[in-house]
Amino acid sequence: MAQAGPLLSALAALLAATAAGGDAPPGKIAVVGAGIGGSAVAHFLQQHFGPRVQIDVYEKGTVGGRLATISVNKQHYESGAASFHSLSLHMQDFVKLLGLRHRREVVGRSAIFGGEHFVLEETDWYLLNLLRLWWRYGISFLRLQMWVEEVMEKFMRIYKYQAHGYAFSGVEELLYSLGESAFVNMTQRSVAESLLQVGVTQRFIDDVVSAVLRASYGQSAAMPAFAGAMALAGAQGSLWSVEGGNKLVCSGLLKLTKANVIHATVTSVTLHSTEGRALYQVGYENEMGSGSDFYDIVVIATPLHLDSSSSNFTFEGFNPPIADVQGSFQPTVVSLVHGYLNSSYFGFPDPKLFPFANILTTDFPNFFCTLDNICPVNISASFRRKQPQEAAVWRVQSPKPLFRTQLKTLFRSYYSVQTAEWQAHPLYGSRTTLPRFTLHDQLFYLNALEWAASSVEAMAVAAKNVALLAYNRWYRDLDKIDQRDLMHKVKTEL
């Protein structure tokens, strides 16, 4: 396939920009992936570089990535990330910007199942819940809360740094700026170890902390403390979701940005050396065959599995070669089951008396992580949650697809089962170092932040960081990159 024409014209444009004084904005930017990371970075890049820059977003699947819905009986239900924490400031901003609305919360009681019986049951009375926690676990829940709040208070500094235009080329640099070596160390030691050190009991970790981490990551309290703290923060406080489906944020941002969405699988990124700036050739395949295009900036906003034999993604022409983007991902299977819950399995022979809408699990039983009686993404004013004896739509999260026998364990009978399988989160412990956002001069890996903490808001934070990084590197504003003691700097700037 002859590429001389596009390459020569791209070089000509680059030389013209250099002759014009070197501060011309980039002509074309490629974003690989149209999940929340890719959609948000397209928005932030346009915000910084201006509306004239062309942004091509490559997506092999559907827009939204891990924000997705499944249709059951003509109603749509969340099959990906279901809700966001009230402190998800970027997501809050996107919803306001796009004129979307928060979905009305239909409350339901939660419980933690230990394989034979419930180890903790929520009641409708807040004080009684606190009394039960205290009676069973002492002040462990208060110690946990203080630990999480301390981590979150420091993490929230990132929004102030980003508002002042500061960016970080690696995950370690970003974490150090927020919590110094304590945050970096939290990526190397376990949740259990960190909590035991602050006086949380092993029993509380086994019963409650493990259940939250299984619900969030499908992993245990042996996972790193920093990612665990983010998950535990998400389990506290008020949660919200988007009326009509969370994936509307992704499609809305791409539409607002007027991004050119290309439905294709990216297969390679090739570096072409030019005088002054790098030029990147993105190779892709779609139903029409294979093709490629040239870009000034490339952002990879999808997990890279370069260690996988099934990966057909290559980096070419880079010296030294790009090979440090490795690590395995934790698969999560979401099954939406329309049927009648087998409440007897949970110790309630009479289904009318079953009071819980959300069931988390400890490490036993290990065939499912959570079971939720879920509401559709569009909730009318008259909507009510199904009674326990009625057929309802339940969302089952499990590490592997459920066998028929396992479905029969959880449900007396069912009308339909629909599944979605995600490479949901990094398998923590499968890589020893924290990756970098900067892979080359203007080639960035947005999903690097997942290796510290994996959530929708974390991807939005990473998107803002990468957009600022690209902008600061393009205009060589190095004082805005990887600065130490930012708290002092930001205070003096105010």
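Bear in mind the structure is a predicted one, so any value in this text is a computation, not a measurement. (Residues numbered from 1 in each chain as written. Predicted model: local features only at pLDDT ≥ 70, side-chain atom pairs only at ≥ 80, totals over all residues. Heavy atoms only, no water.)

*Asks:* When you look at the overall build of the chain in this model, what are you seeing that I'm missing?
*Replies:* Broken down by element type, the chain carries 14 helices and 21 strands. Against the compact-globule benchmark of 23 Å for 494 residues, the chain has a radius of gyration of 24 Å, which places it among compact chains. Principal axes of the C-alpha set define a box for the chain whose edges measure 80 × 50 × 45 Å. Across the 494 residues that make up the chain, the buried fraction comes to 53%. Considering only contacts in the chain between residues 6 or more positions apart, those separated by 24 or more positions represent 75%. For the chain, the computed accessible surface area is about 22,300 Å², with 53% contributed by carbon and sulfur atoms. (Helix = DSSP H or I, 4+ residues; strand = E, 2+ residues; numbered from the N terminus. Rg over C-alpha atoms; globule rule 2.2 N^0.38 Å. Buried < 20%, exposed > 50% of the residue type's maximum accessible area, 1.4 Å probe, protein only. Contact = heavy atoms within 4.5 Å. Areas by Shrake-Rupley, 256 points an atom, 1.4 Å probe, with all protein chains shown as cover.)

*Asks:* Even after reading the chapter, I still don't get helix H7 (residues 171-185), so can you show me in this structure?
*Replies:* Since the α-helix packs 3.6 residues into each turn, any two residues three or four apart lie on the same face. The end-to-end C-alpha distance of H7 is 13 Å, clearly below the 21 Å that 15 residues give at a rise of 1.5 Å each. The sharpest bend along H7 measures roughly 130° and falls at Gly179. Of the positions making up H7, those classed as buried are Val171, Leu174, Leu175, Ser177, Leu178, Gly179, Phe183 and Val184. (Expected span 1.5 Å × (residues − 1). Bend = angle between axes of the 7 residues up to and from the residue.)

*Asks:* Can you help me understand helix H3 (residues 89-97) in this one?
*Replies:* Considered for burial, the residues of H3 that qualify are His90, Met91, Gln92, Phe94 and Val95. After H3 finishes, the residue Gly99 shows a positive phi value of roughly 70°.

*Asks:* Can you help me understand the nonpolar core in this one?
*Replies:* Nonpolar side chains in soluble globular proteins generally cluster together in the buried interior. With 124 residues, the main nonpolar core has Leu45, Phe226, Phe315 and Leu443 as its most contacted residues. When residues in this core are grouped by element, the largest group, 13 residues, is from helix H13 (residues 456-474). What Leu45 contacts, discounting residues up to four positions off in sequence, is Ile29, Val31, Gly50, Ile55, Val299, Ala467 and Ala470. Within the second largest apolar cluster, 20 residues are counted, among which are Ala111, Val337, Leu410 and Phe411. (Core = buried A, V, L, I, M, F, W, Y, C linked by side-chain atoms within 4.5 Å.)

*Asks:* What's the story with the side chain of Gln330 in this structure? I'm lost.
*Replies:* Mapped onto the fold, Gln330 is located in strand S15 (residues 329-341). The buried category is assigned to Gln330, whose relative accessible area is 12%. In this view, Gln330 contacts Tyr217, Gly218, Gln219, Pro399, Trp422, Gln423, Ala424, His425, Pro426 and Leu427; residues no more than four positions away in its chain are not counted.

*Asks:* Is there a simple way to think about the packing of aromatic side chains in this case?
*Replies:* What characterises a pair of aromatic rings is the spacing of the ring centres plus the angle enclosed by the ring planes. Within the structure shown, the criterion is met by 31 aromatic pairs. Clustering of aromatic rings is evident, with ring pairs tying together Phe113, Phe118, Tyr345, Phe346, Phe348, Phe354 and Phe356. If you follow Lys28 out to its NZ or CZ, it ends over the ring of Tyr295, 5.2 Å from the centre. In this structure, Lys480 is placed above the aromatic ring of Tyr166, and the distance from its NZ or CZ to the ring centre is 4.5 Å. (Phe/Tyr/Trp six-rings, centres within 6.5 Å; stacked < 30°, edge-to-face > 60°. Lys NZ or Arg CZ within 6 Å of the ring centre and 35° of its normal.)

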